[in-house]
Amino acid sequence: EQDADAYLLLQEAHDEIMRNALAEIGGHEVDTEGDAFQCMFPNVVISLLFCFKVQEDLAGYDWPESVLSLYGCARVKSKLYRNKYVWAGPRVRMAVHFAKGGTYLAKSHPTTRRVAYGGKAWDTTSTLSDVGHGGQIIVSESAWRQLTANGDEGAAGYPIFEDLGRYQIGDQGLPMRLLQVTPARSALSEREFPALRDVDILDRGQGMNIVPSMDGKVAVVCAIIEPSRFIGVAERFITLIAKREQASKDFSMDENKMDSVASPLATSPVFVPEYSNEIDLMSLNNTVRRSTSLRGDERSLGELLNPQNNVLKEENTTLYFTDEHQQAVDVVVSTLQSLVSQFGGYVIRTVEEVDTPKQMMVIAFKSSSSAVRFALAAQTTLMEYPWPKEVNEAFGRTTMCFSKDGVPLYNGPCVAMSAHVTKIEKFPMFECEGRSKSSVGHSISYKYNGILQALELAFIANGGQTVLSSSFFDSKWQRGLSLSQTQVTDLGAHGVRYFSHPVKLIEILPKILQERTDFFSPLASQRILSVGAPNAPGAHGEPVALVFTYPRVAQEFQNSEHASQAVDNFSESVRILLPRYNGYESQEVGTGCFFLSFPSVEDAVAWSIHLQLILRRSDWNSSKSLTGLAMDDAQKLSMEDTRTSATIESGGAPSVTQKNFFPASSMEVIQEKMSSGELEDVDDQGEDSLFSFFSTHNAFHAVSLQMRHLVLVQIGISYGMPTKVTPHVQTGRADYFGPIVNLSARVAKGTKPGDVHLSSYEDLSETLRFGDDPDQQSCYLKGMEFANEGKWVDVDLSDEGMRSFKGVKDKRRLYSVKVSSDPYSLRATPTSSL
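This report concerns the structure included in the present document. (Residues numbered from 1 in each chain as written. Predicted model: local features only at pLDDT ≥ 70, side-chain atom pairs only at ≥ 80, totals over all residues. Heavy atoms only, no water.)

**Comments concerning the overall build of the chain**
Helix and strand content of the chain: 21 helices and 33 strands. In the chain, buried positions account for 52% of the 834 residues. The contacts of the chain with a sequence gap of at least 6 include a subset with a gap of at least 24, amounting to 74%. Entry remark: accessible area of the chain is about 38000 Å², with carbon and sulfur atoms responsible for 49%. (Helix = DSSP H or I, 4+ residues; strand = E, 2+ residues; numbered from the N terminus. Buried < 20%, exposed > 50% of the residue type's maximum accessible area, 1.4 Å probe, protein only. Contact = heavy atoms within 4.5 Å. Areas by Shrake-Rupley, 256 points an atom, 1.4 Å probe, with all protein chains shown as cover.)

Structure representation (structure tokens):
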């Protein structure tokens, strides 16, 4: 009798919850059969929201003890969420199916006058509701596809789908793929169910991987949960995969390989010898100490870097320190899995037949745009999760970090993430003697190719940081993404383990978390080859020298492919020289039109002089092959000697072939203009103004400076304090703002091709001192001799007086910089490559 009363209370509360949810969400009650409800909804989103609300309300209802004592109605507390229940009260099974027009019938009931439904789709839905278990929500493949095809996952709250497999529905029905769904960030996601009832399975499902396994070119995202705590787990897994890579003989695991890999610039016709950038052993020691401190491992750096001394065990032990750590990992994994489902990713469970630790995730996406949206959503969702105080304390966050606007920047465990576009390859796993099957029953594993690099990028990142490789950044990751809600930051070029060449890295964060960048430590890469936006010149409030370059090609050469190649070589020369003079490339607004920054005027001037000398002395920039002007035998011999020397010292780069690229008619016009003197006024000067004397080296006596070279460059420098330095919204590179930027551009625009001009908003009386000799200013040009030795070059700094510039409020003093002596005149033995 007591049970009957309790069941009556249960039934009344159940019906009330169902009808309240229908009224609130917006559905239609078709009919009831005992305790079963039959409902119709306008779309899949509303039907899912209805199911979620009913299940949440049932679990959160204040059931009397008499109901909770009924069979299958007891409360089960959540392990992940405070004051939440996984189970409480009656367990109601539910099913959602999408019916297309023509697959169901609707007619008025003759007695009740209510609309009654029937037909094939209606019978299928009824069957689906019977195969599940109490508390389980079954979704047909047609309903899931309708949801994802319209991109409505967000409207449904980004639910968690799990592929249960293909089943035979009904005696005459076709095979149907079925999925299980739970709301995201809910205690309901902790529910576990046995196999479906009274239905034949045809194919096993993929679980959380509701999309098929992937291979070929994909975007790989790697995540490491709280690397500061679980870095030992990540290190062992990556090291084990690296050992498998070494055993494959496909890729050298020598730590010093990067030193032997030739830079792509080494084969360039404008190659300039590079300095040897050694690994910063101090910073690497710090990285090693960071990774071993939690394991009490005090081995030396040499022991850790020597593969023969590596004693890491090939095992996959999951380490937890407290219940809070385990709880946090479970919440993070559940959250990430729900987002993987939302953005169509595939979770790679095993790599080289080794199970991925629970504290790490490797996910493949068909498109880079889906991958980056997943990473941004993951960082935001984990930040907004209501982490209990105990979890924050367990991870050492006793105080909250806030942005300038008072927005929390860290909360709960942080996840280091990376994204890399690469080719991956899967292979089936078979049980065989001597090898146990994967502990979680996976049938597909992946080779290390590409995945190992992505794992290493996540390993060197900070918790809460997402790092993109250059291959990822060069893909179409911006498609469908609002850049106004993201922060992209250039992190510079790095030498990273398992990459055969230097890689440019970029950081991306949700806009609301962009100030995390200020708290991140430098990436724990092997070496930093060029600085990123956070450490660009002027990024910390100091004065900076800004440089604009504008390449100019004579009108007679502009249709020549040879001249176009010379402009490309010029751009390459700009980038080769930049790191030598601590320069930073902010933008290239057009081919060869660079916007650069330097920490000092001295660096900017030395770089400009060096670049102009390259353009004067490079065979690829000579116009002789186009004009076909005659030279006497002595000049030809001298030119050949110079060309041979330059070629040898630039690593054997080929010199320009002496060939006429112009039609005969065009050549006649050029020759006629040269003989008449018309072309001598192209640059309004008859001598090379970079030098204070008339240079005879590589010069045509009767031809203007512009016509002697395929491309010359106008260089303008300004020095001062920018009003703001911030990452560019699209490239992430440091972008500069303020009057100094306009002054630099105007100075460059007013400069003749081949000249270097300088102005400033600051007092340059003390700044403009080059060299140690007070009587003769000079600048040090780096890498101009063998063995990368530099060379001092005397320069003349001329005051050109006060000048007016468009857009600049007051007149500014203008200076021109010239070389006092030609370091490569014919009178000197040519011994270097520019």
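**Quick word on the sheet that holds strand β20 (residues 466–469)**
Pairing is mixed in the open sheet, where eight strands are placed in the order β13-β16-β12-β17-β20-β22-β21-β23. Taken across any chain shown, the strands that pair with only one partner, and hence form the sheet edges, are β13 (346–347) and β23 (527–530). Where β20 meets strand β22 (residues 503–510), three bridges bridge the pair, whose relative direction is antiparallel. Looking across to β22, one finds that S469 is bridged to L505. In the packing of helix α13 (residues 451–460) onto the sheet, contacts are made with β12 (216–225), β16 (360–365), β17 (415–424), β20 and β22, and the angle to β17 comes to roughly 160 degrees. (Pairing = 2+ DSSP bridges. Axes fitted to C-alpha atoms, helices over the stretch in contact; angles between N-to-C directions.)

**Let's talk about the side chain of S525**
If you trace the backbone, S525 turns up in the loop between β22 and β23. The buried category is assigned to S525, whose relative accessible area is 7%. Engagement of the side chain of S525 in a polar contact is seen with the backbone oxygen of R527, the distance being 3.2 Å. Setting aside chain neighbours within four positions, we find S525 in contact with I460, H494, G495 and V496. (Polar contact = N/O pair within 3.5 Å; in protein donor to acceptor, adjacent residues only side chain to side chain.)

**Considerations on the nonpolar core**
A general tendency of soluble globular proteins is for nonpolar side chains to be buried together. Formed by 66 residues in total, the largest nonpolar core has its most connected members in L48, F50, F161 and I348. Tallying contributions element by element places helix α2 (residues 44–60) first for this core, with eight residues. Membership of the second largest hydrophobic core comes to 45 residues, among which are V329, L336, F472 and F473. (Core = buried A, V, L, I, M, F, W, Y, C linked by side-chain atoms within 4.5 Å.)

**Description of the sheet that holds strand β32 (residues 791–803)**
With mixed pairing, eight strands are arranged side by side in an open sheet as β25-β26-β24-β27-β30-β33-β32-β31. Strand pairing shows two members of the sheet lacking a second neighbour, β25 (584–590) and β31 (778–781), which therefore form its edges. Taking each pair of neighbouring strands and ignoring which way they run, the sheet shows an average axis angle of 25 degrees. Those strands touched by helix α16 (residues 601–617) are β24 (544–552), β26 (593–598), β27 (712–720), β30 (756–760), β31 and β33 (812–819), and its axis lies near 180 degrees from that of β27.

**As for the packing of α2 against helix α5 (residues 141–149)**
The contact between α2 and α5 brings their axes to 9 Å, and the two run at 115 degrees. Viewed along their axes, α2 and α5 adopt a mutual orientation that is roughly perpendicular. Across the interface between the two elements, V44, V45 and L48 from α2 touch A143, Q146 and L147 from α5. Taken together, the residues of the contact of α2 with α5 sort by class into five nonpolar, one polar and no charged. (Parallel < 35°, antiparallel > 145°, perpendicular 65-115°, else oblique. Nonpolar A, V, L, I, M, F, W, Y, C, P; charged D, E, K, R; others polar.)

**Some words on the pattern of salt bridges**
Under the definition given, this model contains 17 salt bridges. A salt bridge links D62 to R75; its shortest N-O distance comes to 4.0 Å. Placement of the pair is D62 in the loop between α2 and α3 (65–68) and R75 in the loop between α3 and β3 (76–77), with a sequence separation of 13 residues. Assessed through its relative accessible area of 66%, D62 is described here as exposed. (Salt bridge = Lys/Arg side-chain N within 4 Å of Asp/Glu carboxyl O.)

**A few points about the environment of P537**
One can find P537 in the loop between β23 and β24. With 63 residues separating them in the primary sequence, P537 and S600 have C-alpha atoms 8.6 Å apart. When residues no more than four places from it in sequence are discounted, the contact partners of P537 are E542, V544, N582, Y584, S597, F598, P599 and Y736.

**Looking at the packing of aromatic side chains**
Counting across every chain of the model gives 16 aromatic pairs. A ring pair is formed by Y104 and Y117, whose centres lie 6.4 Å apart and whose planes are at 45 degrees; its orientation type is tilted. Taken together, the residues span a long stretch of sequence, with Y104 in the loop between β5 (94–96) and β6 (105–108) and Y117 in strand β7 (residues 115–118) at a distance of 13 residues. Arranged with centres 6.2 Å apart and planes meeting at 15 degrees, the rings of F548 and Y550 form a pair that is stacked. Residues F548 and Y550 agree in their burial class; the two are buried. Here the guanidinium or amino end of R75 rests over the ring plane of Y85, the centre of that ring lying 5.2 Å away. When the ring centre of Y584 is taken as reference, the NZ or CZ atom of R733 above it lies at 4.5 Å. (Phe/Tyr/Trp six-rings, centres within 6.5 Å; stacked < 30°, edge-to-face > 60°. Lys NZ or Arg CZ within 6 Å of the ring centre and 35° of its normal.)

**Some words on the environment of Y7**
Tracing the backbone through its elements, the reader meets Y7 in helix α1 (residues 2–25). C-alpha of Y7 to C-alpha of P90: the two residues are 83 residues apart in sequence and 9.6 Å apart in space. Those residues in contact with Y7, other than ones at most four positions away along the chain, are D35 and L70.

**Quick word on the packing of helix α10 (residues 323–342) against helix α11 (residues 368–384)**
Interhelical geometry of α10 versus α11 gives an angle of 145 degrees and a closest axis separation of 10 Å. As for the relative orientation of α10 and α11, their crossing is right-handed in sense. Only F374, A377, A378, T381 and L382 of α11 make contact with α10, whose side of the interface consists of V332, T335, L336, L339 and V340. (Left-handed = near helix turned anticlockwise from the far one by under 90°.)

**Some points on the environment of F598**
Turning to its location among the elements, F598 is positioned in strand β26. Expressed as a C-alpha distance, the spacing of F598 and A545, which sit 53 residues apart in the sequence, is 5.1 Å. With residues up to four places along the chain from it excluded, the contact list for F598 reads P537, V544, A545, V547, L578, Y581, N582, G583, D603, A604 and W607.

Take it as geometry only, folks, not as evidence of what the structure does.
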